[in-house]
Amino acid sequence: MRSGTTPKIEITLDIPLTTIKEIWVTFATVIGTELLTKKKADCVIGTDKITVPLTQDETLQLNPSSATDNKVLIQVRVLTNDNQAFASAIDEIRVERILKEGVISSDD
């Protein structure tokens, strides 16, 4: 993923997606500081995967602080309709830098 872009993160889970009451997709620094959490209302839940769209602003929040610090942690937590709570393993996503910071728009 590249900072300042609009990627879509695709997630597959080992539970039926129709049983999801709530979902949190959390992005954090490598030391565990939360940067961003997307909830069920922010996600597109399909039949076999969950798509988490990110905005330019959101990926700019994930911007690595230096050329060597380019990883962000991601974890999915789910609450099912019968109030069972699940958490995925923590995974790493590489976030590449951009040369010019900010949200690009046609007004610029």
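Residues numbered from 1 in each chain as written. Predicted model: local features only at pLDDT ≥ 70, side-chain atom pairs only at ≥ 80, totals over all residues. Heavy atoms only, no water.

A. A look at the pairing of strand S5 (residues 50–53). Inspection of the sheet shows strand S1 (residues 8–11) paired to S5 by four bridges, in the antiparallel sense. In the sheet register, Glu 10 faces S5, and the bridge partner there is Thr 51. As defined by bridge partners, strand S4 (residues 44–45) adjoins S5 across two bridges and the pair is classed as antiparallel. Across the sheet, Val 44 pairs through a bridge with Thr 51, a residue of S5. What sits between S4 and S5 in their antiparallel hairpin is a turn of four residues. (Pairing = 2+ DSSP bridges. Helix = DSSP H or I, 4+ residues; strand = E, 2+ residues; numbered from the N terminus.)

B. Inspection of the sheet that holds S5 at higher detail. Taken in spatial order, the three strands line up as S1-S5-S4 in an open sheet, and their pairing is antiparallel. Each of the sheet's edge strands pairs with one partner strand only, and the pair in question is S1 and S4.

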